[in-house]
Amino acid sequence: AMLMPPLLILTSSNRLVQNRLSTLQAWMSKTFTKQLMLPIDFQGHKWASILLALTLMLLSLNLLGLLPYTFTPTTQLSMNMALAVPMWLSTVLIGMRNQSTISLGHMLPEGT
């Protein structure tokens, strides 16, 4: 649990051959982004950095809870709602703006 958070700090370098830590970070972020964005079309790829940052933050906070005598902030409903409601609302609003008939069609019973 103590060794994982340093791996989550993203760094960039101009060097052609990087050290092991930055290579591991780049591999991890590239693999995660590739797995996350595989079923999504190209327009959805702009969400990759937001989702990667959110996932890394949640992972580091939950790993922090493994240490003895520490408090995990993600157990509180207020933090979960503060993270979930803006993401949900932005996806609903973007869906309404881009494809309003399909978004409204999801609110009707199937077959109507």
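Only a predicted model underlies this, so the values are computations on that prediction, with no experimental measurement involved.

This part takes up the confidence of the model for the protein. Averaged over all residues, the pLDDT of the protein equals 81, while 85% of them reach at least 70. Summarising per-element confidence for the protein, the mean pLDDT is lowest in helix H1 (residues 4–8) (63) and highest in helix H4 (residues 77–98) (90).

This part is about the side chain of threonine 74. Considering the arrangement of structural elements, one finds threonine 74 in the loop between helix H3 (48–64) and H4. Look at threonine 74 and you get buried, because its relative accessible area is 14%. For threonine 74, the residues in contact, after removing those within four places along its chain, are Leu58, Leu61, Asn62, Met79 and Asn80.

A few words now on a nonpolar patch on the surface. Judged by side-chain polarity, Leu77, Met81 and Val85 come together as a nonpolar surface patch covering roughly 290 Å² of accessible area. Look at methionine 81 and you get partly exposed, because its relative accessible area is 44%.

Time to look at the environment of glycine 95. As for its position among the elements, glycine 95 is in helix H4. Given a relative accessible area of 22%, glycine 95 falls into the partly exposed group. Setting aside chain neighbours within four positions, we find glycine 95 in contact with Ser100 and Ser103.

Of note in the backbone geometry, tyrosine 69 takes a positive phi value of approximately 65° without being a glycine. For tyrosine 69, the position within the fold is in the loop between H3 and H4. The exposure class assigned to tyrosine 69 is exposed, which follows from its relative accessible area of 85%.

Turning to the packing of H3 against H4, a few remarks are in order. How two helices pack is summed up by the angle between their axes together with the distance between the axes. One way to put it is that H3 packs onto H4 with a least axis distance of 13 Å and a crossing angle of 170°. It follows that H3 is roughly antiparallel to H4 by the angle criterion. Residue-level contacts link Ile50, Leu51, Leu54, Met57, Leu58 and Leu61 of H3 to Met79, Leu83 and Met87 of H4. Among the residues forming the contact of H3 with H4, the class breakdown is nine nonpolar, no polar and no charged.

The rules behind each value
Residues numbered from 1 in each chain as written. Predicted model: local features only at pLDDT ≥ 70, side-chain atom pairs only at ≥ 80, totals over all residues. Heavy atoms only, no water. pLDDT = per-residue confidence, 0-100. Helix = DSSP H or I, 4+ residues; strand = E, 2+ residues; numbered from the N terminus. Buried < 20%, exposed > 50% of the residue type's maximum accessible area, 1.4 Å probe, protein only. Contact = heavy atoms within 4.5 Å. Patch = residues over 30% accessible without salt bridge, like charges linked within 9 Å, V, L, I, M, F, W, Y side chains within 5 Å. Areas by Shrake-Rupley, 256 points an atom, 1.4 Å probe, with all protein chains shown as cover. Salt bridge = Lys/Arg side-chain N within 4 Å of Asp/Glu carboxyl O. Axes fitted to C-alpha atoms, helices over the stretch in contact; angles between N-to-C directions. Parallel < 35°, antiparallel > 145°, perpendicular 65-115°, else oblique. Nonpolar A, V, L, I, M, F, W, Y, C, P; charged D, E, K, R; others polar.

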